[in-house]
Amino acid sequence: MLSQKMIDRINLQINREMYSAYLYLAMAARMNEAGYTGIGKWLTVQYHEEMFHAMKFAKYLHDQNATVAYTKIDTPEFKEKDVKSLFQHVLAHEQSVTASIREIMDLAIAEKDYATQALAQWYINEQIEEEKNDTQILQNIDLLGNSAQGLFMLNIELGKRDPSVPLDFNKI
Ligand code: FEO
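Residues numbered from 1 in each chain as written. Predicted model: local features only at pLDDT ≥ 70, side-chain atom pairs only at ≥ 80, totals over all residues. Heavy atoms only, no water.

Asker: Give a description of the UniProt feature "domain: Ferritin-like diiron" (unreviewed entry) in the protein that names residues and reports values.
Answerer: Here the UniProt-annotated "domain: Ferritin-like diiron" (unreviewed entry) positions come out as residues 1–145. Spanning residues 1–145, this segment combines 80% helix with 0% strand, and its end C-alpha atoms are found 52 Å apart. (UniProt positions renumbered as here; feature names shortened; annotations may be inferred. Helix = DSSP H or I, 4+ residues; strand = E, 2+ residues; numbered from the N terminus.)

Asker: Tell me what's going on with helix α4 (residues 114–144), and back it up with residues and numbers.
Answerer: Over its 31 residues, α4 runs 45 Å from end to end, which matches the ideal 45 Å to within 8%, given 1.5 Å per residue. Looking at the buried residues of α4, the elements they touch are α1 (4–33), α2 (37–63), α3 (83–110) and α5 (148–158). Following α4 by one or two positions, Gly145 has its phi on the positive side, about 95°. (Expected span 1.5 Å × (residues − 1). Contact = heavy atoms within 4.5 Å.)

Asker: Could you give an account of the packing of α4 against α5, naming the residues involved and the relevant values?
Answerer: Between α4 and α5, the shortest axis-to-axis distance is 9 Å and the interhelical angle comes to 145°. Handedness of the crossing formed by α4 with α5: right-handed. Of α5, the residues touching α4 (which contributes Ile137, Asn140, Ile141 and Leu144) are Gly150, Met153, Leu154 and Leu158. Tallied by class, the residues present in the contact of α4 with α5 amount to 6 nonpolar, 2 polar and no charged. (Axes fitted to C-alpha atoms, helices over the stretch in contact; angles between N-to-C directions. Left-handed = near helix turned anticlockwise from the far one by under 90°. Nonpolar A, V, L, I, M, F, W, Y, C, P; charged D, E, K, R; others polar.)

Asker: An account of the UniProt feature "binding site: Fe cation" (unreviewed entry) in the protein is requested, with residue identities and associated values reported.
Answerer: Within this numbering scheme, the UniProt entry marks Glu17, Glu50, His53, Glu94 and Gln127 as carrying the feature "binding site: Fe cation" (unreviewed entry). The named residues occupy 111 residues along the chain; their greatest pairwise C-alpha distance, 12.8 Å, places them in one compact cluster. Relative to the assigned elements, His53 resides in helix α2. Given a relative accessible area of 0%, His53 falls into the buried group. When sequence neighbours within four positions are dropped, the list of residues in contact with His53 reads Glu17, Trp122, Tyr123, Glu126 and Glu130. With respect to the helices and strands, Glu94 occurs in helix α3. A relative accessible area of 1% places Glu94 in the buried class. Dropping the residues within four chain positions of it, Glu94 is found in contact with Tyr24, Gln46, Glu50, Gln127, Glu130, Glu131 and Asp134. (Buried < 20%, exposed > 50% of the residue type's maximum accessible area, 1.4 Å probe, protein only.)

Asker: Account for a nonpolar patch on the surface, with residues named and values stated.
Answerer: On the surface, Leu144, Phe152, Met153 and Ile156 cluster together to form a nonpolar patch covering roughly 390 Å² of accessible area. Classification of Phe152 as exposed rests on a relative accessible area of 53%. (Patch = residues over 30% accessible without salt bridge, like charges linked within 9 Å, V, L, I, M, F, W, Y side chains within 5 Å. Areas by Shrake-Rupley, 256 points an atom, 1.4 Å probe, with all protein chains shown as cover. Salt bridge = Lys/Arg side-chain N within 4 Å of Asp/Glu carboxyl O.)

Asker: Could you give an account of the packing of aromatic side chains, naming the residues involved and the relevant values?
Answerer: A full pass over the atoms with the stated rule returns 4 aromatic pairs. Judged by centre distance (5.5 Å) and plane angle (70°), the rings of Trp42 and Phe87 are edge-to-face. Of the two residues, Trp42 is situated in helix α2 and Phe87 in helix α3; the sequence distance between them amounts to 45 residues. A residue is classified by how much of its surface remains accessible, and Trp42, at 6% relative accessible area, is buried. Residue Phe87 is classed as buried on the basis of its relative accessible area, which comes to 0%. Look at Phe52 and Trp122: their rings are 6.1 Å apart centre to centre, the planes differ by 70°, and that puts the pair in the edge-to-face class. Of the two residues, Phe52 is situated in helix α2 and Trp122 in helix α4; the sequence distance between them amounts to 70 residues. You can call Phe52 buried: its relative accessible area is 11%. On the accessibility criterion, Trp122 (29% relative accessible area) is partly exposed. In textbook terms, an aromatic cluster arises when at least three aromatic residues are bridged by ring pairs, as seen for Phe52, Phe57, Trp122 and Tyr123. Positioned over the ring face of Trp122 is Lys56, at 4.5 Å from the centre of the ring. (Phe/Tyr/Trp six-rings, centres within 6.5 Å; stacked < 30°, edge-to-face > 60°. Lys NZ or Arg CZ within 6 Å of the ring centre and 35° of its normal.)

Written out as structure tokens, the structure reads:
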């Protein structure tokens, strides 16, 4: 059985995952408007991944007979218009998500909540992947050159991202 403090903290994380989804959807819109539809696709796949992260937490609360509370999602905040600055924002955002997940692990350890520790470990591993992906994109921008030709190639490459994420709540 989860503590109320843990239920509240996981509900907060659901909101943060949904904010991440909303942020990437807004970024996808900006990139699509600028003609970078491959980058827009990559960010839209990321939107789905973030919604999956939120759903996985929600399913965990359901499985633990706890209440899921969906709360207001803030308007996405970003000013970046160029691709490199945008991905610097994405990486910094993911680093903040990593810190947020670590707080859940810290709380689970403090409460000797082994089930949530196991769940939090999945997210910690996922965050390694997320930060790695964003770092590699930034490295590719530097390697290709932050030029029209380089960004054209990056746009094609990121447009190949596999969109498959589990959408069935019962198969999470
Ligand atoms: Fe849900 Fe991108 O972390």
